[in-house]
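Read off the chains here:
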Amino acid sequence: MMLYHGSCVEVSAPDVLHSRSNVDFGKGFYVTPIYDQAKKWAEKFARRGKPAIVSKYSFDEKALEECKVCVFDTYSAEWLAYILECRSGRDKSDYDIVIGGVANDKVFNTVELFFDGLIDQEEAIKRLKYEKPNLQIAFRSQSTIDRYLHFEGSEQL
């Protein structure tokens, strides 16, 4: 499977060290199987006057059987709770890989309303079910990156 990472630099040697901690699935290296999504991530840098680069990786899917993986197939109460734990810095899970929907701008607005206590979990899930999830994959351990993710090249947009 091919995976993509949008950034302002080519990332030929991905690592977890350069990740922020309080993001959707915690500290990790984030990719997507959706090229257009990675392109949009990279284009955010271009709007700030920086290069827009999409790095490409082959992913050895044996990792899905050999590693500790968490998959969120849809926006759900479990997904919402996990996002809350990670974004608040309270995540204690030991997943190697987490796969699920992105809290993009539309989704993020609903998540923020829930975090702020302005809507309850039931209302948040009801709103989220109408959003088509993008897909992100967070590699949360360096050993998993090193073993299963292989740089194939990049392109500047």
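What comes next is a walk through the structure. This structure is a prediction, so every number in the text was calculated from the model and none was measured.

1. Brief notes about the packing of helix α3 (residues 77-87) against helix α5 (residues 121-128)
Helix-helix packing is described using two parameters, namely the angle between the two axes and the distance between the axes. Contact geometry of α3 with α5 gives a least axis separation of 10 Å together with a crossing angle of 110°. As the angle between them shows, α3 and α5 are arranged roughly perpendicular. Of the residues in α5, those touching α3 at A77, W79 and L80 are Q121, A124, I125 and L128. Taken together, the residues of the contact of α3 with α5 sort by class into six nonpolar, one polar and no charged.

2. Notes on the side chain of D15
Within the secondary structure, D15 sits in the loop between β1 (2-7) and β2 (29-31). The charged side chain of D15 is buried without a salt bridge, its nearest counter-charge being K27 at 7.4 Å. In terms of polar contacts, D15 uses its side chain to reach the backbone amide nitrogen of L17, at 2.9 Å. At 2.9 Å, the side chain of D15 and the side chain of H18 are in polar contact. Sequence-distant contacts of D15, defined by excluding residues within four places in its chain, comprise F29, Q142 and I145.

3. As for the environment of A42
Mapped onto the elements, A42 comes out in helix α1 (residues 35-46). A sequence separation of 12 residues divides A42 from V54, and the C-alpha atoms of the two residues are 6.5 Å apart. With residues up to four places along the chain from it excluded, the contact list for A42 reads G6, S7, A52, I53, V54 and L157.

4. Quick notes on the nonpolar core
Counting 18 residues, the largest nonpolar core has F25, F72, W79, L80, Y82 and V98 as the members making the most contacts within it. When residues in this core are grouped by element, the largest group, five residues, is from α3. Other than its neighbours up to four places away in sequence, F72 contacts F25, E78, W79, Y82, V98, I99, G100 and G101. Core analysis: the next-biggest nonpolar cluster, separate from the first, contains 16 residues, A63, I137, I145 and Y148 among them.

5. Examining α3
Among all positions of α3, only W79, L80, Y82, I83 and C86 are buried. Considered in projection along α3, the buried side chains sweep an arc of 165° and stay on one side of the axis. Positive phi appears at G89, one or two residues downstream of α3, with a value of about 80°.

6. Description of the pairing of β1
Across the six residues of β1, five count as buried, placing the element largely inside the fold. In this sheet, strand β3 (residues 53-59) lies alongside β1 in antiparallel orientation, the contact comprising six bridges. Residue S7 lies in a different strand from β3, and its bridge partner there is I53.

7. Details of the sheet that holds strand β7 (residues 149-156)
Strands sit in the order β1-β3-β7 across an open sheet of three strands; the sheet is antiparallel. Looking along the sheet, the strands with just one partner apiece sit at the ends: β1 and β7. Each neighbouring strand pair of the sheet contributes to a mean axis angle of 25°, computed without reference to strand direction. Inspection of the sheet shows β3 paired to β7 by seven bridges, in the antiparallel sense. The residue of β7 that forms the bridge with K56 is G153. The sheet strands contacting α1 are β1, β3 and β7, and the helix crosses β1 at an angle near 15°.

The rules behind these values
- Residues numbered from 1 in each chain as written.
- Predicted model: local features only at pLDDT ≥ 70, side-chain atom pairs only at ≥ 80, totals over all residues.
- Heavy atoms only, no water.
- Axes fitted to C-alpha atoms, helices over the stretch in contact; angles between N-to-C directions.
- Helix = DSSP H or I, 4+ residues; strand = E, 2+ residues; numbered from the N terminus.
- Parallel < 35°, antiparallel > 145°, perpendicular 65-115°, else oblique.
- Contact = heavy atoms within 4.5 Å.
- Nonpolar A, V, L, I, M, F, W, Y, C, P; charged D, E, K, R; others polar.
- Buried < 20%, exposed > 50% of the residue type's maximum accessible area, 1.4 Å probe, protein only.
- Lys, Arg positive; Asp, Glu negative; His and termini not counted.
- Salt bridge = Lys/Arg side-chain N within 4 Å of Asp/Glu carboxyl O.
- Polar contact = N/O pair within 3.5 Å; in protein donor to acceptor, adjacent residues only side chain to side chain.
- Core = buried A, V, L, I, M, F, W, Y, C linked by side-chain atoms within 4.5 Å.
- Arc of directions from axis to C-beta.
- Pairing = 2+ DSSP bridges.

Worth remembering: the numbers are spatial, not functional.
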